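This is what each chain is made of:
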Amino acid sequence: MRSKQISHRRTVRWMRNVLLLIATMAAISPDTLHAQHRSRVSLECLQLGNQEVELTALVRARIGRSYVPMAGLKVDYFVARDSIEEVRIGSAETDERGFASIRYMMDGTSLTYAFRASFAGNDTISDDDATTSVVPAVLTIEQAEDDSLNHQFNVLIQGWTADGYVPVEDVPVEVFVRRMLSDLKVFTGTTDADGRLLAQVPGDLPGDANETLDIVARVTEHDTYGSLSASILKTPRTQPIHHDRPERALWTDAAPLWMLITFFVLMGTVWGHYLYILLQLVGIKSDTRKLQQQSVNE
Amino acid sequence: MRIAESSIALLREFAPQLERTSLAARIWIAFLVLLILFGGVGLYFQVKYGHAVTGMRDHVVWGIYIANFIFFIGISYAGAVISGILHLLKVEWRKPFIRLAELITVIATIVGPVFILLCVGRLDRLHHLIIYPRLQSPITWDVLAISTYLVGSILLLYLALIRDFAIYRDTDVLKVAKWKRKLYRILALGYQDLPRQRLRIKTSIDLLAVMIIPLAIVVHSVLSWIFGMTLRPGWHSTIFGPYFVMAAIYSGTGVLIIAMWIFRRIYNLQEYITEKHFTYVGYMLLALAAGYGYFTFSEYLTSWYGSEHWESQVLDKLFSFSEYGAAFLFANVAGIILPIIVVAVRRLRKPGYLALVSAIMVLALWVKRYLIIVPTLESPLIPMQETRPEYVDYAITWVEWSLTLGGLATFLLLFTLASKFVTVVPVSEILKKP
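The structure displayed is predicted, hence computed values, not measured ones.

Asker: Can you tell me about the overall build of chain B, naming the residues and giving the values?
Answerer: Looking only at helices and strands, chain B has 16 helices and 0 strands in total. Among the 434 residues that make up chain B, the fraction classed as buried is 57%. Restricting the contact set of chain B to residue pairs at least 6 apart, pairs at least 24 apart contribute 82%. Working note: accessible area of chain B is about 18,900 Å², and carbon and sulfur atoms make up 68% of it.

Below is the structure:
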């Protein structure tokens, strides 16, 4: 009896210790396990034409071994024009991909604009900022005469100087066609002494759902002008291909019939045997019941 | 029910195992529970922060979880094939350890698929597998095959247990808690050892023994086809089906030897699980090691001889000591050569040595599963450019280790608890020597 009591007490003590352990582990919050995360801010300036720029900051924080985009963080933007002191131009909150964007209208009075995006930090994420400076520039794309194989477009880049806009030579330009998942690069080239470039886009490209080709010319992170972008819509020569796909279900014609037959025969055989065995198990119980009934009758 | 004297005598010997839990056993159970809790902490972090807390990234999308899954499904072969074949061949010496084999099968088949769930990014869409099954997909085949196999294994174990449950229910020898006795009564299904009932059990076991062998082969073949049907180096191989089956039976036999050795020592089963049993299972291990070695050699020789660029990338990783060379060497020396030597040399063919070499071999086969998955995924067809190094190379994180240990602990805990509920040697099957 006494040994049973001791054993009972031991079990209770053992269970209590396990519960204490669970409680301790549950009390560990991620904040106590992680110190402040290091942040990393990057900034891209995209010139949209008409002196307007889009400033996009990406805020990430180091979690484990990777930098992960952070949502809901406030980013402040500043600009310094030529030698004029830096002024705040606005703020934005990062989206779920870690991006925060604002648009800013350059006034056309300065030669360079130095932008800064700053994240002030908080209790869990450290502060960081990123800078980029651009000279105002304009990228334009216009329809040129098509040849038998390609659509052709004139691309022109002009940069801002004390004398106004002048053509810029030797700027690498990429031309894309917007597709559903990402932009398809179709042409790369460099501007000539007149700041011009003849871009060729394959003529057999099918259009999008609206039956248009959305052609985008882009300069990416140029040392002087930052990123530039312009687009033009074009009617494609080839119309999109519409596939009449049957519904992908097991009861349609598209279902692999031979596979279905094999599958149902095999599974039916195996599960049929299982069912038979289950019936045998039920039979064991009923055999005993019958035996008991028999002995009662006798 | 009239119980044979031999069964009562046997049960008297095994009664302490079912009646009491020693302090050492409690400490062992507490240790396993701690490991499972550690896994729980890892799971909490994985659910909260997503798969970013694991080493899996865009390129290496499978890692240690899938290695664990293949490993556990592999060792589940211990019961299915060994039990099925030995039953059909009416091999008498199988009886003392057959329950261990069947327990391994059921528990490993329950634990293994959990790792798939840990690997799935969108668990909220898991039901789509049932709602929108795509019959052409090997993943769908795998789900169907494993669930069918699990049901078959449970039935096989249960059918073999019914007579034991009836003995536990009817004997006075066993002093167990009321709930346990009640459970024995329910699970015995009123079995009275009537000729008709004996026939029902025999017919059912015979049927299952026939079915469980092809089922087990199908399960592991389907598992291999998840890799084999993919056009990737190191995976796209016609021999992957039999290769996986062979590796599975081999590792299952290794785990069976370890279990036999452990339970023999803990419950003093030297009288029932004798050196002869170890020798016989050792011979099986030797034959399987040779077969597995042959498949391994064939697999790598053909890849190496073909010198196809993409295949060579994977082979270079496996043969290079700055990458996976050491692990590859261990997997093959400890996984093939060592067991052959230990079984072949008469002086080493002892239970202790066999258990030790089985443990090393089982570990080597786990490493082998890792080597099947990771180096291939680290060698994509499209070159990885402008990618951070941690996105290219896979490294196991503490979260993955915690869940792996948690899974292993769950397997061992279920095994320990099962041994507290049923005798590890079937008392209804074995005749005690006078």
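Asker: Explain the overall build of chain A to me, and be specific about the residues and the numbers.
Answerer: For chain A, the count of helices and strands is 3 helices and 16 strands. Taking all 298 residues of chain A together, 38% fall into the buried category. For chain A, restricting intrachain contacts to residue pairs at least 6 apart in sequence, the fraction spanning at least 24 positions comes to 55%.

Asker: For helix α1 (residues 5-19) of chain B, give the residues involved together with the corresponding values.
Answerer: Residue and element names in this part refer to chain B. Counted at 1.5 Å a residue, the expected span for α1 with its 15 residues is 21 Å, and the 20 Å between its end C-alpha atoms agrees. The principal kink in α1, of about 45°, is found at glutamate 13, preceding the proline proline 16 by one to four residues. Burial in α1 covers these residues: Ser6, Ser7, Ile8, Leu10, Leu11, Phe14, Ala15, Gln17 and Leu18. Where α1 is buried, its residues meet α7 (138-170), α8 (178-187) and α16 (398-421).

Asker: Run through the pattern of salt bridges, naming residues and quoting values.
Answerer: Counting across every chain of the model gives 22 salt bridges over all chains. The shortest N-O distance in the salt bridge between arginine 116 of chain A and glutamate 86 of chain A comes to 2.9 Å. Placement of arginine 116 of chain A in strand β7 (residues 113-119) and of glutamate 86 of chain A in the loop between β4 (74-81) and β5 (87-93) is noted, with a sequence separation of 30 residues between them. Residue glutamate 86 of chain A is classed as partly exposed on the basis of its relative accessible area, which comes to 35%. Salt-bridge contacts for aspartate 124 of chain B lead to arginine 122 of chain B; the nearest nitrogen and oxygen are separated by 2.8 Å. Classification of aspartate 124 of chain B as partly exposed rests on a relative accessible area of 48%. The partly exposed category is assigned to arginine 122 of chain B, whose relative accessible area is 43%. Taken together, the shared-partner salt bridges connect Arg178, Asp183, Asp214 and Arg218 of chain A into one network.

Asker: Help me get a handle on the interface of chain B and chain A, residues and values and all.
Answerer: Much of the literature gives interface size as the accessible area that the parts lose upon coming together. Facing the 47 residues of chain B at the interface are 37 residues of chain A. Approximately 3,800 Å² of surface area, both sides summed, lies buried where chain B meets chain A, with 71% of it carried by carbon and sulfur atoms. The interface formed by chain B and chain A holds 2 salt bridges in total. Across the pair arginine 200 of chain B and aspartate 287 of chain A runs a salt bridge, and its minimum N-O distance is 2.8 Å. Counting the contacts that link chain B with chain A gives 8 residue pairs in polar contact (both at pLDDT 80 or more). Mapped by element, the contributors of at least two residues to the side of chain B that touches chain A are α2 (23-49), α7, α9 (195-228) and α15 (389-392) of chain B. Broken down by element, the residue count for the side of chain B that touches chain A peaks at 12 residues, all from α2 of chain B. Tallied by class, the residues present in the side of chain B that touches chain A amount to 30 nonpolar, 9 polar and 8 charged.

Asker: Quick one: what's the story with empty space enclosed by the protein, residue by residue and with numbers?
Answerer: All names here are of chain B. Under the criterion given, the structure shown has 2 cavities of 30 Å³ or more. Considered as a void within the structure, the largest cavity measures approximately 130 Å³ in volume. Residue lining of the largest cavity: 14 residues in total, with Gly234, Glu299, Tyr300, Val314 and Leu318 positioned closest to the centre. Contributing elements (two or more residues each) for the lining of the largest cavity: α10 (240-266), α11 (275-306), α12 (309-319) and α14 (351-377). In terms of residue class, the lining of the largest cavity is built from 8 nonpolar, 3 polar and 3 charged. Its volume calculated, the second largest cavity comes out at about 40 Å³. Taken together, Tyr243, Phe244, Ala247, Tyr292, Lys368, Arg369 and Ile372 make up the full set of residues lining the second largest cavity. Of the residues belonging to the lining of the second largest cavity, the class tally is 5 nonpolar, no polar and 2 charged.

Asker: Talk me through the confidence of the model for chain A; I want residue IDs and the actual numbers.
Answerer: Residue and element names in this part refer to chain A. With 84% of its residues at a pLDDT of 70 or more, chain A has an overall mean of 84. The weakest mean pLDDT in chain A belongs to helix α2 (residues 30-33) at 44; the strongest belongs to strand β6 (residues 99-105) at 94. Across residues 26-34 the pLDDT falls below 50, and counting only partners more than four positions away or on other chains, this stretch makes 8 contacts in the model.

Asker: Please give an account of the packing of aromatic side chains that cites residues and values.
Answerer: For any two aromatic rings, the description comes down to two numbers: the centre-to-centre distance and the angle of the planes. Residue and element names in this part refer to chain B. On inspection of all chains with the given rule, the structure shows 40 aromatic pairs over all chains. The interplanar angle of 20° and the centroid separation of 6.1 Å between the aromatic rings of tryptophan 366 and tyrosine 370 together place this pair among those described as stacked. Pair noted here: tryptophan 366 and tyrosine 370 are both in helix α14, with a separation of 4 residues, about one helical turn. Just as tryptophan 366 is buried, tyrosine 370 falls in that class too. Through pairs of rings, three or more aromatic residues link up here, namely Trp62, Phe227, Trp235, Phe240, Tyr243, Phe244, Tyr250, Tyr292, Tyr294 and Phe295.

Asker: Run through the side chain of threonine 397 of chain B, naming residues and quoting values.
Answerer: Its place among the elements puts threonine 397 of chain B in the loop between α15 and α16. Ignoring anything within four residues of it in the chain, the contact list for threonine 397 of chain B reads Val53, Thr54 and Gly55 of chain B.

Asker: How would you sum up the packing of helix α3 (residues 257-297) of chain A against α9 of chain B? Please name residues and give values.
Answerer: At their nearest, the axes of α3 of chain A and α9 of chain B sit 10 Å apart, and the two run at 160° to each other. Judged on the interaxial angle alone, α9 of chain B and α3 of chain A are roughly antiparallel. Where α3 of chain A crosses over α9 of chain B, the handedness of that crossing is left-handed. Between α3 of chain A and α9 of chain B, the contacting residues are Val270, His273, Tyr274, Tyr276, Ile277, Gln280, Gly283, Ile284, Asp287 and Thr288 of chain A on the first element and Arg196, Gln197, Arg200, Ile201, Thr203, Ser204, Leu207, Leu208, Met211 and Leu215 of chain B on the second.

Asker: Explain the sheet that holds strand β8 (residues 128-134) of chain A residue by residue, including any values.
Answerer: The pairing of strands in a sheet comes from backbone hydrogen bonds and takes either a parallel or an antiparallel form. Residues and elements named next belong to chain A. Strand order in the open sheet formed by 4 strands is β5-β4-β7-β8, and the pairing between neighbours is antiparallel. The strands lining the two open edges of the sheet, one partner per strand, are β5 and β8. When the angles between neighbouring strand axes are averaged without regard to direction, this sheet yields 20°. Note that β7 and β8 share 7 bridges and pair antiparallel. The partner of serine 118 across the bridge, within β8, is aspartate 129.

Asker: An account of the packing of helix α4 (residues 77-88) of chain B against α10 of chain B is requested, with residue identities and associated values reported.
Answerer: Residue and element names in this part refer to chain B. Where α4 meets α10, the axes come as close as 8 Å, and the angle between the chain directions of the two elements is 95°. It follows from the interaxial angle that α4 and α10 lie roughly perpendicular. Between α4, through Tyr77, Ala78, Val81 and Ile82, and α10, the contact on the second element is made entirely by Val245, Ala248, Ile249, Gly252, Thr253 and Leu256. Split by residue class, the contact of α4 with α10 holds 8 nonpolar, 2 polar and no charged.

Asker: If you had to explain a negative patch on the surface to someone new, which residues and values would you point to?
Answerer: Residue and element names in this part refer to chain A. A cluster of acidic residues, Glu169, Asp170, Asp192 and Asp194, forms a negative patch on the protein surface. Checked against the element boundaries, aspartate 194 lands in the loop between β13 (183-190) and β14 (196-202). Assessed through its relative accessible area of 49%, aspartate 194 is described here as partly exposed.

The rules behind each value
- Residues numbered from 1 in each chain as written.
- Chains lettered and ligands numbered in written order.
- Predicted model: local features only at pLDDT ≥ 70, side-chain atom pairs only at ≥ 80, totals over all residues.
- Heavy atoms only, no water.
- Helix = DSSP H or I, 4+ residues; strand = E, 2+ residues; numbered from the N terminus.
- Buried < 20%, exposed > 50% of the residue type's maximum accessible area, 1.4 Å probe, protein only.
- Contact = heavy atoms within 4.5 Å.
- Areas by Shrake-Rupley, 256 points an atom, 1.4 Å probe, with all protein chains shown as cover.
- Expected span 1.5 Å × (residues − 1).
- Bend = angle between axes of the 7 residues up to and from the residue.
- Salt bridge = Lys/Arg side-chain N within 4 Å of Asp/Glu carboxyl O.
- Buried area = accessible area lost by both parts, 1.4 Å probe.
- Polar contact = N/O pair within 3.5 Å; in protein donor to acceptor, adjacent residues only side chain to side chain.
- Nonpolar A, V, L, I, M, F, W, Y, C, P; charged D, E, K, R; others polar.
- 1 Å grid on protein atoms, 1.4 Å probe; cavity = no way out; pocket = protein on both sides within 12 Å on 5 of 7 lines; lining within 4 Å.
- Points joined across faces, edges and corners; volume = space filled by probe spheres on them.
- pLDDT = per-residue confidence, 0-100.
- Phe/Tyr/Trp six-rings, centres within 6.5 Å; stacked < 30°, edge-to-face > 60°.
- Axes fitted to C-alpha atoms, helices over the stretch in contact; angles between N-to-C directions.
- Parallel < 35°, antiparallel > 145°, perpendicular 65-115°, else oblique.
- Left-handed = near helix turned anticlockwise from the far one by under 90°.
- Pairing = 2+ DSSP bridges.
- Patch = residues over 30% accessible without salt bridge, like charges linked within 9 Å, V, L, I, M, F, W, Y side chains within 5 Å.
- Lys, Arg positive; Asp, Glu negative; His and termini not counted.
- Charge placed at Lys NZ, Arg CZ, Asp CG, Glu CD.

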